[in-house]
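# Architecture at a glance
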Amino acid sequence: MNRLLAALPPEEMEVLRPDVEEVSLTFKQHLYEAERPIESVYFLHQGVASLLTDLEDGTSIEVATVGPEGMVGLSVFLDHSLIAGRAFIQVPGEGSQIETAAFRRALGHTPCLHRLLSRYTLALLNQLAQNSACNRAHAIEQRLARWLLMTQDRVHSATFPLTQEFMAQMLGASRPTVSIAASILMKAGLISYVRGNITVTDRPGLEAAACECYGVIRRQFERVLGDG
């Protein structure tokens, strides 16, 4: 269940319910595009969405991820339907979809949701800031370990689909560099990688291999969202 929706009182869920559509979210499904109106917001129950920034040279860099702890389409909550980046599904799952117009109408009758989304906005900004610092300060194998841990937290499974193409995209690195980083983790017995699927084989070891940013980001979300 999505963490934000699960924290709502029953009367607010009743406000949302007529406009909620339960959907399957497929691999590479685009949720919104850069500089185009956001047609729907999504509350993921399972899976991971990637928020990307596209550069002029064609490079796409992941700036943040969203799982069952949050909402995709946060700019709609901030009263803006256009955004410079884009979002797509990186790890498939399930979610609740609400059209933008209906979501905006519901916000006026759901004060708890409004409060939770304000807190989630802060948590996401914290993630963006920590990711920026991490990308400058830490080795790529540490950053890869952090990302894999965050993904496992969101999919609730030790095994999940992840190609080297996406690993390079999320880390802002070349595929050969990512291959070296993944090999370091595999040789240490922390993960296995077979046919586009990652398996975390030693969770405590992977946590030890990650930089401190994993713990910082996780604690920030717990602190901001933990008390509902």
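To be clear, the structure that these remarks concern was listed above.
Conventions we followed
Here the residue numbers are simple positions, counted from 1 along each chain's written sequence. Thresholds applied to this predicted model are a pLDDT of at least 70 for local features of residues and 80 or more for the giving and counting of side-chain atom pairs; totals over whole chains, interfaces and linings are not thresholded and use all residues. Derived side-chain values reflect all non-hydrogen atoms in the structure, with water molecules and hydrogen atoms excluded from consideration. Side-chain atoms within 4.5 Å link the members of a nonpolar core, which is a set of buried Ala, Val, Leu, Ile, Met, Phe, Trp, Tyr and Cys residues. Exposure is judged per residue with a 1.4 Å probe applied to protein chains only, and the accessible area is read against the type maximum: over 50% gives exposed, under 20% gives buried, and values in between give partly exposed. Two residues form a contact once any of their heavy atoms are found within 4.5 Å. Two aromatic rings from Phe, Tyr or Trp, using only the six-membered ring of Trp, form a pair when their centres are within 6.5 Å; if the ring planes differ by under 30 degrees the pair is stacked, by over 60 it is edge-to-face, and anything between is tilted. Secondary structure counts use DSSP, requiring at least four H or I residues in a row for a helix and at least two E residues in a row for a strand, with both numbered from the N terminus. Each residue after the first adds 1.5 Å to the expected span of a helix.

Turning our eyes to something else, we now look at the nonpolar core. Within the largest apolar cluster, 71 residues are counted, with the highest numbers of intra-cluster contacts made by Phe-103 and Leu-148. If we skip the residues at most four places from it in the chain, Leu-148 touches Phe-160, Leu-162, Leu-185, Ile-191, Ile-198 and Leu-206.

Remark: the centre distance and the inter-plane angle together describe each pair of aromatic rings, the angle taken between the planes. A complete count under the given rule lists 4 aromatic pairs for this structure. A ring pair is formed by Phe-27 and Phe-166, whose centres lie 5.4 Å apart and whose planes are at 90°; its orientation type is edge-to-face. With Phe-27 in the loop between strand E1 (21–25) and strand E2 (30–32) and Phe-166 in helix H7 (residues 164–171), this residue pair connects regions lying 139 residues apart in the sequence. Given the relative accessible area of 39%, Phe-27 is considered partly exposed. Since its relative accessible area comes to 3%, Phe-166 is described here as buried.

Right, let's talk about helix H10 (residues 213–225) for a bit. Here H10 contains 13 residues, and its C-alpha end-to-end distance of 18 Å stays within 8% of the 18 Å for a straight helix at 1.5 Å per residue. Among the residues of H10, those classed as buried are Cys-213, Tyr-214, Gly-215, Val-216, Ile-217, Gln-220, Phe-221, Val-224 and Leu-225. Tucked inside the fold, the buried residues of H10 contact helix H1 (3–6), helix H5 (111–137), helix H6 (140–155) and helix H9 (203–209).

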